[in-house]
Amino acid sequence: MVSMAKVDEKLHGIYQDVVKRNPGEVEYHQAVAEVLETLGPVVAKNPEYLERKIIERICEPERQIIFRVPWQDDKGEVHINRGFRVQFNSAIGPYKGGIRFHPSVYLGIIKFLGFEQIFKNSLTGMPIGGGKGGSDFDPKGRSDDEIMRFCQSFITELFRHLGEHTDVPAGDIGVGGREIGYMFGQYKRLTNRWEAGVLTGKGLKWGGSLVRPEATGYGATYFVNEALKVRNDSLEGKTCLVSGSGNVAIYTIEKIQQLGGKCVACSDSNGVIYHENGLDLALIKQLKEVERRRIADYASYHKDARYTANGNIWEIPCQVAMPSATQNEINGKDAAILVKNGCIAVGEGANMPTNPDGIKVFQDAKIAYCPGKACNAGGVATSALEMQQNAQRDSWTFEETEKKLEKIMVGIHKLCYKTAEEYGQAGNYVLGANIAGFIKVADAMVAHGLI
Ligand SMILES: NC(=O)C1=CN([C@@H]2O[C@H](COP(=O)(O)OP(=O)(O)OC[C@H]3O[C@@H](n4cnc5c(N)ncnc54)[C@H](O)[C@@H]3O)[C@@H](O)[C@H]2O)C=CC1
Ligand SMILES: O=C(O)CCC(=O)C(=O)O
C-alpha cells in the first residue's frame, strides 16, 4: 500500500504531463482529469499499476491516424476535410467507438471521446477496446450524394486501419444508418470482402441488429431508472428534459414515455422546444429522422408548444434531466438552476455533457448523477451484440435483444454502485464507473507485458 499523499502527487504529475504532451486539447485534458481524480484509492491498493506505468500508458493512444479527405460537392467544387481515428486501447478487445462528423471536430475532441470509450467499453463486460474517429466535415445542408461522396473518400483512406478483429467503428454525432451504409459499401468494394463485423449500426437487411438505433437512449433511461430505484423511486410520473433531438435524444424520450415519465422539452443546436403537455414523439421522428428538418418546425404543428431560439433548456423546471446532445452543455450555473428547480436525477446520454463545475454542483446536492461513460454504454454494448450476431451469422428478435440490453444496463449500474460503495463513496457513480472500468483494462495490460 502506497500513501494517499504520494499517490495524489503521482497522479497530479501524470496529469501535468498529459497537458504538456497534448497542448491545446482542452476536452482531452478535461476527460483525463475527471478519471485521474478518482483513481487514487485503487492505485494506492495496487502499487503495481504505478510501477508498470499503466496510467501513463492508458493516457497515450496506441495509434493516432490523421488523414486528408478530399471530395467534390454537387456543383463540382473541391473540398478538403481532415479525418481522424484514434485507436486508444486494445487491451480487452478490438478498438471500438463511433465516428463523428461535425465542424467542431479536431484531435482533442476525438481523443476525449476515445479515452472515455476505453472505460465505457470495459464497463459493458464485452470484449471491446476503446477508439473514436471523425471529421470536421459539416453534413448540415448537404445532399445525399454529397454525403455519399464524403463517406466514400473518408473510408478510402481509413479502410486499411479497420477490420472485425482490429477496429470496428459505428455512428456518433452526424453519422447514422445512412452514413454507415455508404462506408460499409466502400469498405466492401475496396477489400473485396463481405465482412459484416467491421462496422456496427448497419441496416437490418445487411447485418445490422435490431435495437441498435434505440440502444443508447433506451440504455440511458434504464440506468436512470435503476439509480432512482436505489432511492425507492422511479421514472413514473416524472417531468423530464432531454436535450438534443438526434438519435440518442429520440430514443431516450421514447423509453421515458414507455416507463411513465413525461418529457416536456428537447432541443437542437439552434433552439429549444417546450411543450408542457408532453412532447409529440411521432412528430419529432418525422421531422428529424425522415425529413432532416430543424426542431423549430415542431411549433408550427402544435400551437401550445413554445420555441425559443438559442434558449437554455436547463432553465425549464424538471425532476429528471437527460443531456443527450453534446459535450459541456451543462455548466455550474445550469446545474445550480436544475437543482434549485427540484431535479433529482441527471442521466447523461451524451459524452461528457456536464463540465467539472456542473458535476460538483450535482455531487454536492447528492442527486443521482449518472455519468455518460456508464449511463450511455447501452449503445456500444448493443454494437457488441451486433458483432456477436454477425460472428454467429444469426439475428435475434427485438424482444430478445432488448432484454439483453436491459440486463447489461442493470449490470453496469450494479457494478458502478457496488464499486463506489466498496471504496466508501456510496452513490458516487463517477468514482464507481472510473474505478470499475479501469481495473479490468489495467489488469489486462499487466498480463500483456510492456507493449
Ligand atoms: N449514437 C450513439 O450510439 C451514441 C451517442 N453518444 C453521444 O450522444 C450525443 C448525441 O449523439 P447522437 O444522438 O448520436 O447524434 P445526432 O447527430 O443524432 O444528434 C445530435 C443532436 O444534438 C444536437 N446538438 C448538437 N450540438 C448541440 C448544441 N450545441 N446545443 C444543442 N443541441 C446540439 C443536434 O442538433 C442533434 O439534435 C453525443 O454526445 C454522442 O457522442 C453516446 C453514446 C452512443
Ligand atoms: O457503438 C459504438 O461502437 C460506439 C458508440 C459510441 O460512439 C459511444 O459510445 O460514444
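Residues numbered from 1 in each chain as written. Chains lettered and ligands numbered in written order. Predicted model: local features only at pLDDT ≥ 70, side-chain atom pairs only at ≥ 80, totals over all residues. Heavy atoms only, no water.

Under an unreviewed UniProt entry, the protein chain has the name Glutamate dehydrogenase and belongs to Pelobacter propionicus. Listed in UniProt under the heading Sequence similarities (unreviewed entry), the comment for the protein chain reads: "Belongs to the Glu/Leu/Phe/Val dehydrogenases family." (UniProt positions renumbered as here; feature names shortened; annotations may be inferred.)

Sheet architecture is open: 7 strands sit in the order E9-E8-E7-E6-E10-E11-E12, paired in mixed fashion. A strand with exactly one partner marks an edge of an open sheet, and here the two such strands are strand E9 (306-309) and strand E12 (368-370). For this sheet the average axis-to-axis angle between neighbouring strands, irrespective of direction, equals 15°. Pairing analysis gives 3 bridges linking strand E7 (residues 262-267) to strand E8 (residues 271-274), with the strands arranged antiparallel. From the neighbouring strand, Cys266 faces E8, where its bridge partner is Ile273. Here helix H8 (residues 212-230) sits on the sheet and contacts strand E10 (320-322), strand E11 (345-347) and E12; the angle it forms with E10, its principal contact strand, is near 150°. (Pairing = 2+ DSSP bridges. Helix = DSSP H or I, 4+ residues; strand = E, 2+ residues; numbered from the N terminus. Axes fitted to C-alpha atoms, helices over the stretch in contact; angles between N-to-C directions. Contact = heavy atoms within 4.5 Å.)

Quick look at the site of ligand 2 now. For ligand 2, the set of nearby residues contains 14 residues, the closest of which are Lys96, Lys120, Lys132, Arg212 and Ser383. With respect to ligand 2, the side chain of Lys120 contributes an N or O atom lying 2.7 Å from an oxygen atom. A distance of 2.6 Å separates an oxygen atom of ligand 2 from a polar atom in the side chain of Ser383. Breaking the shell around ligand 2 down by element, the ones donating at least two residues are strand E3 (95-101), helix H5 (107-123), strand E5 (167-171) and helix H14 (378-392). Looking at the shell around ligand 2 residue by residue, the classes come out as 2 nonpolar, 7 polar and 5 charged. (Near = heavy atom within 4 Å. Polar contact = N/O pair within 3.5 Å; in protein donor to acceptor, adjacent residues only side chain to side chain. Nonpolar A, V, L, I, M, F, W, Y, C, P; charged D, E, K, R; others polar.)

Two modes of strand pairing occur in sheets, parallel and antiparallel, and in both the strands are linked by backbone hydrogen bonds. Spatially, 5 strands are ordered E1-E2-E4-E3-E5 in an open sheet, and the strand pairing comes out mixed. Only two strands of the sheet have a single neighbouring strand rather than two, namely strand E1 (63-72) and E5. Along the sheet, successive strands turn relative to each other by an average axial angle of 20°, direction set aside. Here E1 pairs with strand E2 (residues 78-89) via 10 bridges, running antiparallel. Across the sheet, Gln64 pairs through a bridge with Val86, a residue of E2.

A word on the environment of Leu228. By the element assignment, Leu228 lies in helix H8. Dropping the residues within four chain positions of it, Leu228 is found in contact with Asp233, Ser234, Leu235, Val320, Ile344 and Ala345.

As a matter of local geometry, ligand 1 sits amid 21 residues, with Asp172, Arg212, Thr216, Asn247 and Asn351 nearest to it. Measuring from an oxygen atom of ligand 1, one finds a side-chain N or O atom of Asp172 at 2.6 Å. In the model, an oxygen atom of ligand 1 is placed 3.4 Å from a nitrogen or oxygen of the Ala325 main chain. For ligand 1, whose accessible area on its own is 810 Å², the fraction buried by protein is 81%. Secondary structure elements with two or more residues in the shell around ligand 1: H8 and helix H9 (247-258). The residue makeup of the shell around ligand 1, split by class, is 4 nonpolar, 12 polar and 5 charged. Domain assignment of the residues forming the shell around ligand 1 places at least three in each of domain 2 (63-195) and domain 3 (215-375). (Areas by Shrake-Rupley, 256 points an atom, 1.4 Å probe, with all protein chains shown as cover. Domains from an automatic or database assignment.)

What follows covers unusual backbone geometry. The backbone of Val211 shows a phi angle near 80°, a positive value even though the residue is not glycine. The residue Val211 is located in the loop between helix H7 (177-191) and H8 in this model.

With respect to the helices and strands, Val346 occurs in strand E11. The buried category is assigned to Val346, whose relative accessible area is 0%. Sequence separation between Val346 and Lys229 is 117 residues, and the spatial gap between their C-alpha atoms is 14 Å. Setting aside residues no more than four positions away along its own chain, Val346 makes contact with Ala321, Pro323, Phe362, Ile367, Ala368, Tyr369 and Cys370. (Buried < 20%, exposed > 50% of the residue type's maximum accessible area, 1.4 Å probe, protein only.)

It is worth spelling out the packing of helix H1 (residues 4-21) against helix H2 (residues 26-45) at this point. H2 packs onto H1 with a crossing angle of 160° between their chain directions and a minimal axis gap of 9 Å. It follows that H1 is roughly antiparallel to H2 by the angle criterion. Judged by the sense of rotation from one axis to the other, the crossing of H1 with H2 is right-handed. Here H1 contributes Met4, Val7, Leu11, Ile14, Tyr15, Val18 and Val19 to the contact with H2, which in turn contributes Tyr28, His29, Val32, Ala33, Leu36, Leu39, Gly40, Pro41, Val43 and Ala44. The class makeup of the residues in the contact of H1 with H2 is 15 nonpolar, 2 polar and no charged. (Parallel < 35°, antiparallel > 145°, perpendicular 65-115°, else oblique. Left-handed = near helix turned anticlockwise from the far one by under 90°.)

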